[in-house]
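Per-entry structural report
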Amino acid sequence: MTYSKFEDDAAVVAFVRTHTDQFSDDDVLLVEEIGDGNINYIYRVKGEDSSVVVKQALPYIRIIGTDWPLSIDRIRIEAQVLQTEAMWAPKFVPKMYAFSAEESAFVMEDIGDHENLRFAFIERHPLPLLGEHLGRFLAETLFHTSDFYLDYESKKRAVANYINPGLCKITEDLFFWDPYCDHERNSINPLVRPAAEALWNDKPLKIAVTILKRQFMNCPEALIHGDLHAGSVFVRADSTKVIDPEFAFYGPMAFDIGSVIGNLLLDFAGQFGLPGSVQEKEDYQAFLLGEVVTCWTVFKTRFLALVTEKSDEPTMSDSDYANAFMVQLWHETVGFAGTEVIRRTIGLAHIADIDSIEDIELRAKSERWALALGREMILNRDVISSPEALNAVALALPY
Ligand code: SR1
Ligand code: MG
């Protein structure tokens, strides 16, 4: 492996031409760096009639530099996960055209006709199929990579293939440790510091978070995306694409489902302080809660149908077992969603839904609301019995 960044546009073009036949020889190709993520370099390569996207991983985190080293095996994992997801949920992922370990880079379909879900949320774009699409994506990818579907040997080999320690460690720290202590990586609105300090002194909460952390570290249930926040989703009104599975590994299904639900609720928190009329905000908040219900219901219905249709595992294919599994999975989902809500509010990696609220007082109100919601979700995950019950908790929480 070269471990070096593409030197210039010509190197990116040469990479695409060497590894794909997407462009004819006489097509003039233009390169534009488009990545605004934290970790990698992303380029769009545009010809006369079509374009592709190139993603390159370097052995460190882009926004930090060489002080935070990170294995480039993550790009191999991401390429393979995109291919696996494409087998089971082809509508919901960009096509992978080529991967090269030599350059630690791959070429994929350009989904530039979609917009990032984070910004669609902030601008309150109508997304009538969002929850349905994400529920379906989750059901297909999680079922087909789990013991419900795979034979005992394929499953264990897959667990080994997707060992991803460096990226898991980021999550172990940023979700389950930093926000619950005065960590230097945290980024805290000074007006919210007393609320953050209250969490640091909340022993039952810290124990509950540690239980979730242990589950994250010790439950190789399915090949999970591992970073399914709104920034990893691109949308049009009629289409949804999930990208960026570099954090993927064999982990708890509830972590992915919880990330989706956590991000719907984070945008709910942001809506209070974002520009717009009260009516516009309340309408969009109602839409977000509706998508919480739809996402879970579609996920559950499709997963259980897949168990009936395709699972021949002698014990787990029992429908009574599968239904009991769903109950447990829901409770874990609520807990993981709560950790996403808290870590995006006072941890290292914030979200624009809240951070773009210019008035610091208004932002603090959304942040305090989010912290209170996340705390309730984590502590009461075993009593919040359904998405409707979760929505009732959100609606009852004073702003
Ligand atoms: C240093 S990485 C910070 C965050 O960005 C990624 O997208 C993950 O969400 C990670 O937690
Ligand atoms: Mg990412």
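Note: the structure precedes this text.
Read on for an overview of the structure. (Residues numbered from 1 in each chain as written. Chains lettered and ligands numbered in written order. Predicted model: local features only at pLDDT ≥ 70, side-chain atom pairs only at ≥ 80, totals over all residues. Heavy atoms only, no water.)

This brings us to the environment of Glu-358. Mapped onto the fold, Glu-358 is located in the loop between helix H12 (352–355) and helix H13 (360–379). For the pair Glu-358 and Leu-150, spaced 208 residues apart in sequence, the C-alpha to C-alpha distance is 49 Å. (Helix = DSSP H or I, 4+ residues; strand = E, 2+ residues; numbered from the N terminus.)

Glancing now at the sheet that holds strand S7 (residues 105–109). Overall, antiparallel pairing links the 5 strands, which are arranged S1-S2-S3-S7-S6 in an open sheet. Sheet topology places strand S1 (30–33) and strand S6 (96–100) at the edges, where each strand pairs with a single neighbour. Each neighbouring strand pair of the sheet contributes to a mean axis angle of 20°, computed without reference to strand direction. As paired elements, strand S3 (residues 51–56) and S7 share 5 bridges and run antiparallel to each other. Of the residues in S7, the one forming a bridge with Val-53 is Met-108. (Pairing = 2+ DSSP bridges. Axes fitted to C-alpha atoms, helices over the stretch in contact; angles between N-to-C directions.)

Our focus in this paragraph is the sheet that holds strand S11 (residues 239–242). Ordered by their spatial adjacency, 3 strands build an open sheet running S8-S10-S11, and the pairing between neighbours is antiparallel. Two strands bound the open sheet, and with one partner strand each, they are strand S8 (115–116) and S11. Across 4 bridges, strand S10 (residues 233–236) lies against S11 in antiparallel orientation. When the sheet's bridge partners are listed, Val-233 is paired in S11 with Val-242. Helix H4 (residues 130–144) rests against S10 and S11 of the sheet, and its axis sits at about 40° to S11. (Contact = heavy atoms within 4.5 Å.)

Around ligand 1, the neighbouring residues are Asn-38, Ile-39, Ile-61, Leu-174, Asp-227, His-229, Phe-247, Arg-343, Arg-344, Leu-348 and Ala-349. Asp-227 has a polar side-chain atom sitting 2.6 Å from an oxygen atom of ligand 1. A distance of 2.7 Å separates an oxygen atom of ligand 1 from a polar atom in the side chain of Arg-343. For ligand 1, the protein covers 94% of the area, taking 320 Å² as the surface of the free molecule. Taken together, the residues that form the shell around ligand 1 break down as 6 nonpolar, 2 polar and 3 charged. Split by domain, the residues of the shell around ligand 1 number at least three in each of domain 1 (9–109) and domain 2 (115–396). (Near = heavy atom within 4 Å. Polar contact = N/O pair within 3.5 Å; in protein donor to acceptor, adjacent residues only side chain to side chain. Areas by Shrake-Rupley, 256 points an atom, 1.4 Å probe, with all protein chains shown as cover. Nonpolar A, V, L, I, M, F, W, Y, C, P; charged D, E, K, R; others polar. Domains from an automatic or database assignment.)

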